[in-house]
Amino acid sequence: MQDKNISKDNFEQCLKCNLCTTVCPMMAANPHYPGPKQAGPDGERYRLKDPKFFDLTLKYCLNCKRCEVACPSGVKVGDIIQKARLEFGKQHNPVRDFTLANTDLVGSLAVPFAPIVNPVMAAKPVKALMDTFIGVDSHRTFPKYSSKKFTSWFKSSKAPSQEGFDRYVHYFHGCYVNYNYPQLGKDFVTLMNACGYGVRLLDKERCCGVALMSNGFGAQARRNANTNIGAFRRAGGVVLTSSSTCTFTMRDEYEHVLGIDNSDVRDNILLTTKWLYDKVEKGEIKLAFKKDYHKKITYHTACHMNKMGWAIYSTELLRMIPGVELTVPQQQCCGISGTFGFKKENYPYSQKIGQELFDTLLESAPDVVACDCETCKWQIEMSTGLTVMNPVSILAEALDIEETKRLNRV
């Protein structure tokens, strides 16, 4: 039970031990950032005295949550900073921030014109113009848009066949799968069907809201959150995801940052690899893999995956594939932090933070990097040239589909 004398963020329990500053990737890259202790618990004391007190350096926080993982007192350092930024922060470049934050709007507009949009966005003159006029760094590579949304593919190609299953799961696909990379959603359906489960989409889904929160659009993020929570309630059971950041945002940040009660659905929001690992461990699902599948894989633990403590489920599933040689280096931040690394003023910090990780991955020389976060994928692929795959896609690729279906036939 919460002590009435202690805030929800527990900032009063800060020991000023500075452990959070030792793990903060931004402090090592940016001399202008005072660190999570000063921006979080220390700053909150000032804001209690003067609600208008706001330190502009809060904009440098990556929301990687490494400070919260390190804190021995359970202070929600990252949450304190995010809430202060939402309440007092302002968009320094409203057009850019609105465009980066509104992934559903931009994705819906881009998909029908993807064959034109993709080459235009990659053209150097266009990138130079964006750098000059709206502040998106010209060095940043944009993720490509698909010419067909995942939801369109699912409804036209897969939805009828899913009704033939006795068991099913609901799938929160997210913006990345729907607009940029439907193949991950297709791999999810392949994996679930092989395991004996049909897939249903939510009756209504919006962006999880992480980009809206990080760009200061708190009211819109709350609307998205309420829409998604309503859909989870109507689903009435487990909802699987394929993005660690979407999962973390909906499970934790809806309550901690947006102040929305999600307690009745939180435990039903699960990353696919956690749900699948638990089912395999209980003997409820059996997996069979191709005998000729061989890959050298390095697994990158995304920061939000590290905060949830769920990387073990992805890595243990990958270890079950007989032909996989898996390496799991120490957790390091890639530096992109969603839309943070797209912004001109942040790009140098983003790349400097990620350099240690890039060097580690290149040294391991994998066939593929496995990661549960799409923005980490963009950063790693752009900065190293290595191929990055979600563990869901690797499992679907390595699976002996027919044998797995036979083993899980009910």
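What comes next concerns the included structure. (Residues numbered from 1 in each chain as written. Predicted model: local features only at pLDDT ≥ 70, side-chain atom pairs only at ≥ 80, totals over all residues. Heavy atoms only, no water.)

### Notes on the overall build of the protein
Along the backbone of the protein there are 22 helices and 8 strands. Computed over its C-alpha atoms, the radius of gyration of the protein comes to 21 Å, within 12% of the 22 Å expected for a compact globule of 410 residues. For the C-alpha atoms alone, the extent of the protein along its principal axes is close to 65 × 55 × 40 Å. Across the 410 residues that make up the protein, the buried fraction comes to 55%. In the protein, 76% of the contacts between residues at least 6 apart in sequence involve partners at least 24 apart. Of the roughly 18200 Å² that the protein leaves accessible, carbon and sulfur atoms contribute 53%. In the protein, 52 positive and 43 negative side-chain charges are present, and the distance between their average locations comes to 4 Å. (Helix = DSSP H or I, 4+ residues; strand = E, 2+ residues; numbered from the N terminus. Rg over C-alpha atoms; globule rule 2.2 N^0.38 Å. Buried < 20%, exposed > 50% of the residue type's maximum accessible area, 1.4 Å probe, protein only. Contact = heavy atoms within 4.5 Å. Areas by Shrake-Rupley, 256 points an atom, 1.4 Å probe, with all protein chains shown as cover. Lys, Arg positive; Asp, Glu negative; His and termini not counted. Charge placed at Lys NZ, Arg CZ, Asp CG, Glu CD.)

### Considerations on the environment of Ser 383
Its location among the elements puts Ser 383 in helix α20 (residues 374–384). Overall, the relative accessible area of 24% leaves Ser 383 in the partly exposed class. Along the backbone, Ser 383 and Gln 351 are 32 residues apart, and their C-alpha atoms lie at a distance of 8.1 Å. Dropping the residues within four chain positions of it, Ser 383 is found in contact with Gln 351 and Phe 358. Within the structure, Ser 383 has its side chain in polar contact with the backbone oxygen of Gln 379 (distance 2.9 Å). (Polar contact = N/O pair within 3.5 Å; in protein donor to acceptor, adjacent residues only side chain to side chain.)

### Overview of the packing of aromatic side chains
Evaluation of the coordinates by the stated rule reveals 14 aromatic pairs. Centroid distance Tyr 197 to Trp 275: 5.0 Å. Interplanar angle 85°. Geometry classified as edge-to-face. Taken together, the residues Tyr 197 in strand β2 (residues 197–201) and Trp 275 in helix α16 (residues 272–281) connect sequence positions 78 residues apart. Each of the two residues, Tyr 197 as well as Trp 275, counts as buried. Seen from their ring centres, Tyr 277 and Tyr 313 are 5.5 Å apart, and the 55° between their planes marks the pair as tilted. A residue pair is termed long-range when its members are at least 10 positions apart, and Tyr 277 in helix α16 and Tyr 313 in helix α18 (residues 311–319) qualify at 36 residues. In this structure Tyr 313 comes out as buried when scored by relative accessible area, which is 17%. Ring pairing ties together the aromatic residues Phe 142, Tyr 176, Tyr 181, Phe 342 and Trp 378, which thus form one cluster. (Phe/Tyr/Trp six-rings, centres within 6.5 Å; stacked < 30°, edge-to-face > 60°.)

### Thoughts on the state of the cysteines
A complete count under the given rule lists 0 disulfides for this structure. Cys 373 supplies the cysteine sulfur nearest to Cys 376, a cysteine that is in no disulfide, at a spacing of 3.7 Å. What makes Cys 376 buried here is its relative accessible area of 6%. (Disulfide = S-S within 2.5 Å.)

### Topic: the nonpolar core
The nonpolar side chains of a soluble globular protein tend to be buried with one another. Ranked by size, the top nonpolar core spans 64 residues in total, and within it Phe 188, Met 192, Trp 275, Leu 276, Ile 321 and Ile 394 carry the most contacts. For this core, the element with the most residues is helix α12 (residues 182–194), which contributes 6 residues. Those residues in contact with Met 192 that sit more than four places away from it in its chain are Val 169, Tyr 197, Val 199, Leu 240, Thr 272 and Trp 275. Counting 24 residues, the second-largest nonpolar core is a separate cluster that includes Met 26, Tyr 60, Cys 67 and Ile 353. (Core = buried A, V, L, I, M, F, W, Y, C linked by side-chain atoms within 4.5 Å.)

### Looking at the packing of α12 against helix α21 (residues 391–398)
For the pair α12 and α21, interaxial distance at closest approach is 9 Å and the crossing angle is 50°. Taken together, the axes of α12 and α21 lie oblique to each other. By crossing handedness, the relation of α12 to α21 is classed as left-handed. Contact with α12, carried on its side by Leu 184, Asp 187, Phe 188 and Leu 191, involves Val 392, Ser 393, Leu 395 and Ala 396 of α21 and no other residues of that element. When the residues that make up the contact of α12 with α21 are grouped by side-chain class, the tally is 6 nonpolar, 1 polar and 1 charged. (Axes fitted to C-alpha atoms, helices over the stretch in contact; angles between N-to-C directions. Parallel < 35°, antiparallel > 145°, perpendicular 65-115°, else oblique. Left-handed = near helix turned anticlockwise from the far one by under 90°. Nonpolar A, V, L, I, M, F, W, Y, C, P; charged D, E, K, R; others polar.)

### Describing the sheet that holds strand β7 (residues 368–370)
Hydrogen bonds along the backbone pair up the strands of a sheet, which may run parallel or antiparallel. In spatial order, the strands read β6-β5-β7-β8; together these 4 strands make up an open sheet with parallel pairing. Since the sheet does not close on itself, it has two edges, and those belong to β6 (324–327) and β8 (388–389), each with one partner. As defined by bridge partners, β7 adjoins β8 across 2 bridges and the pair is classed as parallel. Pairing of Ala 370 across the sheet is with Met 389, part of β8. (Pairing = 2+ DSSP bridges.)

### Description of the sheet that holds strand β4 (residues 269–271)
Taken in spatial order, the 4 strands make up an open sheet running β2-β1-β3-β4, and their pairing is parallel. Two strands lie at the open edges of the sheet, namely β2 and β4, each paired on one side alone. Between one strand axis and the next, the sheet turns through 40° on average, direction left out of account. As paired strands, strand β3 (residues 239–241) and β4 are joined by 3 bridges and run parallel to one another. Each bridged residue has a counterpart across the sheet, and for Leu 240 the counterpart in β4 is Leu 270. Those strands touched by α16 are β1 (167–172), β2, β3 and β4, and its axis lies near 85° from that of β4.

### So, a nonpolar patch on the surface
On the surface, a nonpolar cluster with roughly 290 Å² of combined accessible area is contributed by Phe 98, Leu 105 and Leu 109. In this structure Phe 98 comes out as partly exposed when scored by relative accessible area, which is 38%. (Patch = residues over 30% accessible without salt bridge, like charges linked within 9 Å, V, L, I, M, F, W, Y side chains within 5 Å. Salt bridge = Lys/Arg side-chain N within 4 Å of Asp/Glu carboxyl O.)

### Regarding the environment of Asn 180
For Asn 180, the location among the structural elements is in helix α11 (residues 174–180). Residue classification places Asn 180 among the buried positions, given a relative accessible area of 15%. When the C-alpha atoms of Asn 180 and Tyr 145 are compared, they prove to be 4.3 Å apart, with 35 residues separating the residues in sequence. Among all residues touching Asn 180, those that are not within four sequence positions of it are Pro 143, Lys 144, Tyr 145, Ser 146 and Cys 175. In this structure the side chain of Asn 180 is engaged in a polar contact, spanning 3.1 Å, whose partner is the backbone oxygen of Lys 144.

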